[in-house]
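The chain contents come next:
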Amino acid sequence: MRIAICPGSFDPVTYGHLDIIRRASQMFDRVVVVVMTNASKAPLFSKEERLELLRRATLGLSNVEVDSYGGLLAEYARTRGATVIVKGLRAMSDFEYEFQMALTNRKLYPGAETVFLTTTAEHMYLSSSLVKQVAELGGDIDGFVPDCIKEDILRKVERMGS
């Protein structure tokens, strides 16, 4: 069984993330979408909230599992028996950092290759930061995130602003 890990902070999950997750689910037997803890980021949503949003957003993908992890991605991949780490790329600016991380993960766990999937042109501009900023400023986030989580995002942003 080919197991792929699709890591990220997913704060919140966007259509860009889901594009990568869906495409990975067509390429691999099992895809584990893992909410990683990033010490350099202050998330809007708690880990538990991000897990719940991801579970709802990926509900129709039968070979996708949602999990979380606070340690090294390479170690997580090893414990899950994954042979692939899937990373999405929006632009060249993403590549330099992701390439460095891929080399590091390969050194730490040679059993997994990193595969880069480019985001479709339709979602290339999209990021969790952009979604949060648009929502915080009262803009319309239709087309940025799935309808099944849109209200959760708007409620959270409203609570944080009051």
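See the structure shown above.
S.K.: Tell me what's going on with the state of the cysteines, and back it up with residues and numbers.
M.R.: Under the criterion given, the structure shown has zero disulfides. Summary of cysteine pairing: cysteine 6 is not part of a disulfide, and the nearest cysteine sulfur, belonging to cysteine 148, is at 17 Å. Residue cysteine 148 is classed as partly exposed on the basis of its relative accessible area, which comes to 37%.

S.K.: Let's hear about the packing of helix α5 (residues 128-136) against helix α6 (residues 147-161): which residues, and what values?
M.R.: Relative to each other, α5 and α6 sit at 65°, their axes nearing to 9 Å. Viewed along their axes, α5 and α6 form a crossing whose handedness is right-handed. Here Val131, Ala135 and Glu136 of α5 come into contact with α6, specifically with Ile153, Leu154 and Val157. In the contact of α5 with α6, the residues fall into five nonpolar, no polar and one charged.

S.K.: Give me unusual backbone geometry: which residues, what numbers.
M.R.: Here aspartate 11 and proline 12 are connected by a cis peptide whose omega angle stands at 0°. By the secondary structure assignment, proline 12 is in the loop between β1 (3-8) and α1 (15-27). In this structure, phenylalanine 10 is a non-glycine residue whose phi angle is positive, near 50°. Along the chain, phenylalanine 10 falls in the loop between β1 and α1. Taking the relative accessible area as the measure of exposure, phenylalanine 10 reaches 3% and is therefore buried.

S.K.: Report on the packing of aromatic side chains, specifying residues and quantitative values.
M.R.: Evaluation of the coordinates by the stated rule reveals four aromatic pairs. Judged by centre distance (5.3 Å) and plane angle (25°), the ring pair of phenylalanine 95 and phenylalanine 99 falls under stacked. Highlighted residues: phenylalanine 95 and phenylalanine 99, both in helix α4 (residues 92-108), separated by four residues, approximately one helical turn. Residue class for phenylalanine 95 comes out partly exposed when judged on its relative accessible area of 29%. Exposure remark for phenylalanine 99: the relative accessible area of 40% places this residue in the partly exposed category.

Parameters and conventions
- Residues numbered from 1 in each chain as written.
- Predicted model: local features only at pLDDT ≥ 70, side-chain atom pairs only at ≥ 80, totals over all residues.
- Heavy atoms only, no water.
- Disulfide = S-S within 2.5 Å.
- Buried < 20%, exposed > 50% of the residue type's maximum accessible area, 1.4 Å probe, protein only.
- Axes fitted to C-alpha atoms, helices over the stretch in contact; angles between N-to-C directions.
- Helix = DSSP H or I, 4+ residues; strand = E, 2+ residues; numbered from the N terminus.
- Left-handed = near helix turned anticlockwise from the far one by under 90°.
- Contact = heavy atoms within 4.5 Å.
- Nonpolar A, V, L, I, M, F, W, Y, C, P; charged D, E, K, R; others polar.
- Phe/Tyr/Trp six-rings, centres within 6.5 Å; stacked < 30°, edge-to-face > 60°.

By themselves, these observations are geometric and do not establish any function.
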